[in-house]
Amino acid sequence: MNILNLFIIVPLLTVVVILFSKSIKTTRVIAAIGMTIQLLLASWLMYYYLSHFGVNDLHKMIFVSDKVWFPTLNIHYAVGVDGIAVAMILLTAIVIFAGVFVSWTMENLHREFFISLIILATGVFGFFISYDLFTMLLYYELAVIPMYLLIGIWGSGPKEAHAMKLTLMLMAGSALIIAGLLGIYFNTPTIDGHHTFNMYEIARYKIPLKAQRLFFPLTFVGFGVLGALFPFHTWSPDGHASAPTAVSMLHAGVLMKLGTYGVFRVAIFLMPEAAHEMGWFFIILTATSVIYGAFGAIMQKDLKYINAYSSVSHVGMITFGLLMMNATAIDGAILQMISHGIMTALFFALIGMIYGRTHTRNVYEMGGLLRVIPFLGTMYVLAGFASLGLPGFSGFVAELNIFAGAFMHHDLFHRVATIIVISSIVVTAVYILRFVGIMLMGPIKNEEHLKLKDATWYEKLSTITLVVSMLGIGLYPVWLTNTILGSLKPIMLKILGG
Amino acid sequence: MDLHSIILLRHELLLTIAAIGVLFADLFVPEDRKKSMITVSLVVFTIVTLVGFIPANGGTLFGGSFQSTRMTDFMKDILNLAVLLIFLQSTGYLSKPENSWKVSEFFVLIMFTLIGMDFMISAGDFVIFYIGLETASIPVAGLAAYDRMKSKSAEAGVKLILLSAMSSGVMLFGLSLIYAATGSIYFSDIALQVKTTPLIVLGFIFFLSGLGFKLSIVPFHLWTADVYEGAPINITAFLSVVSKGAAAFILVIILFSVFKNISQSWEWILYALVIVTITIGNLFALRQDNIKRFLAFSSITQVGFLLLGVMGNNDIGMTSVVYFMLIYVFTNLAAFGVVEAIYNASGVETISGYRGLYKTNPLLSLVMMLALFSLAGIPPLAGFFGKFFLFTSAASQGFYILVVIAALNATISLYYYLKVVKAMFIDPNDEPVEKFRSTWPMRISLFITAIGIIYVGFASNIFEFIVSLAKDLLH
């Protein structure tokens, strides 16, 4: 059996076992065991990939298996991963592992909560392991049901409205994706009277430019909605703010990357000519996302809103990097997917923990927390540094690559866009430092806060996992960049070769 | 009549025997034991359904007036299956004391309707088709007025019969125009002679309007919500699944075999009908609180999606429609089953009344959720596959803009399906529907539908089977 199928089978088995669980204690232990196995599998996959392929032949797809599913329409169940997918799978495994421990005390309807959470993660794993467009769409939309329930039932604030908004906007995005995928499908040449959904087979042909002009924007915007592309980002702050902690982590950390990954793998990779031609329009949109998100974050008071807007900005930077259409920037963009995934998950985890103690997310009602809860405070500062892109953290390598790649374009338009995007770093620094200062330093504003207890073991476990991964990429990024660059080679040939 | 003809007619003959048998048996059952007729009818109909599934080769009868192919057999089997599920769901309703004296009528009328539908599906000329249509229409009006002491039910019956008659008239007029233009009533002759002359196109439009009434395509949908609300829930389920299913099957057969040569002109008619049907159905469904009216408008939208498949106009088109209908049987009957169970136990039939249902009746809520998400087309449920293939069918002819419009409408429909999910799972309620146990037949039917919703999508062999049937019929 193909080892990649384990990424689907293990979570499903976990879900089945959870069905029989009676109390929260057994439920969470089962969930933790399942997700630990998942993390080990993902780490092993990464290790296997690194140890079997040198820098020069990294681009191979491994564990490929291809079964015909619907012969008439030539739909296959096709799985296989390259370095980029392996990295994304590892990211997902890390975040969901941390997410289970963050939800350790979820008393309300615990079985349903963990089942929905794990199904959500299953959709993500499935998306990354498959390379048949139909299967990808299937897994992509699989996330919808659990997401709505997770936010609607276990969320906070105006959760029903926000859950609805998020679900509908993402579904509207996938409506565009469906039309886009069908358009791609019917514009592939026929072999034995069949079109194909196989991504790598499609990549061998050039889709007619006339069709690309219609379907590139459709798929780009469709996936872009999930990547919080301006002006379709409005679900993100509301949705992330209302979601329970683990869901915010998974959503901002991984699900938004599904959007950018789709933009990269479907829109840009399969239709590079249109991407060259129409890229300017989307560069404007992504640059707007970056700067708009950063300024949006400054104006917020609620910790979750701050981080959600900051995610809009950072994820906008990923799409921006992808649109630069050269290996350096795209490499940076993919690194940024992983780096931002871990960093933002850490942020949301910490916000959840702080909120659980202070019962407020308003920054201006907190102060001097570093003295009371030093562990959580320190972690928050670390996450802030990563968000700033300080050297030594994962964000630095990623953003540097994006900007270096962007500056390889000599024309005025790209220069201006790049400078605007770079200037967002300053804005990011402003809000991160300001809010860290208000919340963690200074006098304690609320006497009640003096009694707060620092992190418990499960909170430490999840935050440390995330911090270690973050530093692991930041201090020694070579293994990751090599994996990505190797896999990028054939993709770049298609993108540049035109 | 030799053995071969009997095999070709087996669906119709069996149903006739079963219906008359039940009718006669009812004479010999004393008044106070009428309830036993439920069991008898269920057993009889189960046998009819199972025998229908025995494979047999196709052929024609009565000089080409009656055609049986593997595809028509399969369509009849789908309808039988749907009716069987409805029968299972209606036992609770029929066991009520006020219905005990008219139990058999329920079964007999439905079976007679089914005979009409079977003849329509197998029709080889427009006369048999029209006779089948009428046989299938008249008993339904009686069924809609089954709760005849309730004014709404009686109203539903009257509305249905009047508008049915009207639409039959319109259709008959269309058929006569086509006869005038081609000089034949046989499908095979007409298929050779249809051209885009004004007379034929006009006749076709009238014909489509008549069928559009059965399918409740906008603008022929106005009866739907009132009749659905007034009729007993099982009859509403019958109207929305079986009646529509039969009409959809006939539509694809006739469009793809008889009017294939003028597809250029009907494609654009359907293009417009799809857009208005989906959009209007959606807009009205948004505002409903009565769950039956809600499902009525949602089913109008579903028919709009179904028409997308018809636009495919090839093997894929026919397959996607039949496949979608099969999925729709399971999906919609799951929803109606839950509605029926709740109504029987508590009398609640509003969405706001469903608040907090998950706390008291988790399994029913889960089935309802599966059904609603499948209707909305969310994977991994069957509805996703059904809808995707309908989109594929329309896209295969290059109607990409239409696919975008339809897919965005699917998003809007998700909004109102989620509203019901929200009521059941999220909204707090001090007085939710109390915990109750539904009857065994109801449980069996909900179990079958739930399995169908989960399994049929993944089952590519069913899809491929339908493809082979469609190729059989069309080539």
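Residues numbered from 1 in each chain as written. Chains lettered and ligands numbered in written order. Predicted model: local features only at pLDDT ≥ 70, side-chain atom pairs only at ≥ 80, totals over all residues.

Got a minute to help me understand the overall build of chain B in this structure?
A count of helices and strands for chain B gives 20 helices and two strands. What you see for chain B is a C-alpha radius of gyration of 21 Å, in line with the 23 Å of a compact globule of 475 residues. Along the first, second and third principal axes, the C-alpha atoms of chain B reach 65 × 55 × 40 Å. A burial count over chain B gives 61% of its 475 residues as buried. Taking as baseline every contact in chain B between residues at least 6 positions apart, the subset at least 24 positions apart corresponds to 79%. (Helix = DSSP H or I, 4+ residues; strand = E, 2+ residues; numbered from the N terminus. Rg over C-alpha atoms; globule rule 2.2 N^0.38 Å. Buried ≥ 20, exposed ≤ 12 C-beta atoms within 10 Å, placed from the backbone. Contact = placed C-beta atoms within 7 Å.)

Can you help me understand the overall build of chain A in this one?
What chain A contains, in helices and strands, is 20 helices and two strands. Computed over its C-alpha atoms, the radius of gyration of chain A comes to 22 Å, within 12% of the 23 Å expected for a compact globule of 498 residues. Seen along its three principal axes, the alpha-carbon backbone of chain A occupies a region of about 75 × 60 × 45 Å. Counting all 498 residues of chain A, 60% fall into the buried class. Within chain A, contacts between residues separated by at least 24 positions form 80% of all contacts whose residues are at least 6 apart in sequence.

Any chance you could explain the pairing of strand E1 (residues 62-70) of chain A here in plain terms?
In the case of a regular strand, side chains alternate between the two sheet surfaces. All names here are of chain A. Pairing between E1 and strand E2 (residues 75-81): six bridges, direction antiparallel. By the bridge assignment, Asp-66 is partnered in E2 with Ala-78. Linking E1 back to E2 in an antiparallel pair, the connection comprises four residues, with Asn-74 at a positive phi of about 60 degrees. (Pairing = 2+ DSSP bridges.)

Looking at this structure, how should I read helix H17 (residues 382-396) of chain B?
Given 3.6 residues to a turn, an α-helix orients residues that are three or four positions apart in the same direction. If you check H17 of chain B, its first and last C-alpha atoms are 21 Å apart, about what 15 residues at 1.5 Å a residue would give, namely 21 Å. Looking one or two residues past H17 of chain B, Gly-398 of chain B carries a phi angle of roughly 90 degrees, positive in sign. (Expected span 1.5 Å × (residues − 1).)

What exactly am I supposed to notice about the nonpolar core here?
It is characteristic of soluble globular proteins that their nonpolar side chains tend to be buried jointly. Ile-89 of chain A together with Val-403 of chain B are the most contacted members of the largest nonpolar core, which has 381 residues in total. Among the elements that make up this core, the one with the highest residue count is helix H14 (residues 315-346) of chain B (19 residues). Look past the residues within four positions of Val-403 of chain B in its chain and what remains in contact with it is Ile-178, Ala-179 and Leu-182 of chain A together with Phe-391, Ala-394 and Ala-395 of chain B. (Core = buried A, V, L, I, M, F, W, Y, C linked by C-beta atoms within 7 Å.)

When you look at the confidence of the model for chain B in this model, what are you seeing that I'm missing?
Reading predicted coordinates in detail is not appropriate for stretches of low pLDDT. Residue-level pLDDT values for chain B average 88, and 100% of them are 70 or greater. Taken together, the chains of this predicted complex give a pTM of 0.91 and an interface ipTM of 0.89. (pLDDT = per-residue confidence, 0-100.)

Explain the interface of chain A and chain B here, please?
Frequently, the measure chosen for interface size is the accessible area that the parts lose on association. Facing 28 residues of chain A, the contacting portion of chain B comprises 27 residues. Where the side of chain A that touches chain B is concerned, the elements lending two or more residues are E1, helix H5 (133-142), helix H6 (144-154) and helix H7 (159-186) of chain A. Counting residues per element, the side of chain A that touches chain B draws most heavily on H7 of chain A, which supplies 13 residues. By residue class, the composition of the side of chain A that touches chain B is 22 nonpolar, four polar and two charged. (Nonpolar A, V, L, I, M, F, W, Y, C, P; charged D, E, K, R; others polar.)

I keep staring at the packing of helix H9 (residues 209-226) of chain A against helix H11 (residues 245-270) of chain A and nothing clicks. Help me out?
Relative placement of two packed helices is described by the angle separating their axes and the distance separating the axes. Residue and element names in this part refer to chain A. The N-to-C vectors of H9 and H11 enclose an angle of 165 degrees; their axes lie 7 Å apart at closest approach. By the criterion of interaxial angle, the relationship of H9 to H11 is roughly antiparallel. Considering the relative orientation of H9 and H11, their crossing is left-handed. Contact with H9, carried on its side by Phe-216, Thr-219, Phe-220, Phe-223, Gly-224, Val-225 and Leu-226, involves Leu-255, Met-256, Leu-258, Gly-259, Gly-262, Val-263, Val-266 and Ala-267 of H11 and no other residues of that element. Its residues assigned to classes, the contact of H9 with H11 comprises 11 nonpolar, four polar and no charged. (Axes fitted to C-alpha atoms, helices over the stretch in contact; angles between N-to-C directions. Parallel < 35°, antiparallel > 145°, perpendicular 65-115°, else oblique. Left-handed = near helix turned anticlockwise from the far one by under 90°.)

Hey, could you run me through unusual backbone geometry in this one?
Peptide bonds are, in most cases, trans, and in most cases residues other than glycine have a negative phi. With an omega dihedral of 0 degrees, the bond running from Phe-230 of chain A to Pro-231 of chain A counts as a cis peptide bond. Each neighbour pair has its own omega, and for Val-218 of chain B with Pro-219 of chain B the value is 10 degrees, a cis peptide bond. Among the secondary structure elements, Pro-219 of chain B is positioned in the loop between helix H9 (198-215) and helix H10 (224-230). Of note, Ala-228 of chain A is a non-glycine position whose phi angle comes to about 55 degrees, a positive value. The phi dihedral of Phe-62 of chain B is positive, around 50 degrees, even though this residue is not glycine. Within the secondary structure, Phe-62 of chain B is located in the loop between strand E1 (59-61) and strand E2 (66-68). Here Phe-62 of chain B falls in the exposed class, since 12 other C-beta atoms lie within 10 Å of it.

Just checking my understanding: could you explain the environment of Ile-330 of chain A for this structure?
All names here are of chain A. Considering the arrangement of structural elements, one finds Ile-330 in helix H14 (residues 327-358). Judged by local crowding, Ile-330 falls into the buried class, with 27 C-beta atoms found within 10 Å. Separated by 151 residues in the primary sequence, Ile-330 and Ala-179 place their C-alpha atoms 26 Å from one another. Among residues more than four places away in sequence, those in contact with Ile-330 are Gly-321, Leu-322 and Leu-488.

Whenever I open this one, the environment of Met-325 of chain B confuses me. Can you help?
Here Met-325 of chain B is to be found in helix H14. Ignoring any residue separated from it by four or fewer positions in sequence, one finds Met-325 of chain B in contact with Ile-78, Gly-245 and Ala-248 of chain B.

What should I look at first to understand the packing of helix H6 (residues 126-144) of chain B against helix H7 (residues 151-182) of chain B in this one?
Residue and element names in this part refer to chain B. Put simply, H6 and H7 touch, their axes get as near as 8 Å, and they point 170 degrees apart. Compared by their axis directions, H6 and H7 come out roughly antiparallel. Contact residues: Phe-126, Tyr-130, Leu-133, Glu-134, Ser-137, Val-140, Ala-141, Gly-142 and Ala-144 in H6; Ser-153, Ala-156, Gly-157, Leu-160, Ile-161, Ser-164, Ser-168, Leu-172 and Leu-175 in H7. Of the residues that constitute the contact of H6 with H7, the class distribution is 11 nonpolar, six polar and one charged.

Would you mind showing me how to read helix H4 (residues 110-129) of chain A here?
In a regular helix each residue adds 1.5 Å, so 20 residues correspond to 28 Å; H4 of chain A covers 29 Å between its end C-alpha atoms and thus fits that length. Along H4 of chain A, 19 of the 20 residues are buried, which leaves the element largely enclosed by surrounding structure.

Quick question: what am I supposed to make of the environment of Ser-339 of chain A here?
All names here are of chain A. Among the secondary structure elements, Ser-339 is positioned in helix H14. A residue is classified by how many C-beta atoms lie within 10 Å of it, and Ser-339, with 30 of them, is buried. Measuring from C-alpha to C-alpha, the distance between Ser-339 and Ile-3 comes to 26 Å, with 336 residues separating the pair along the chain. Each residue touching Ser-339, except ones within four places of it in the same chain, is listed here: Ser-394, Gly-395, Ala-398 and Ile-473.

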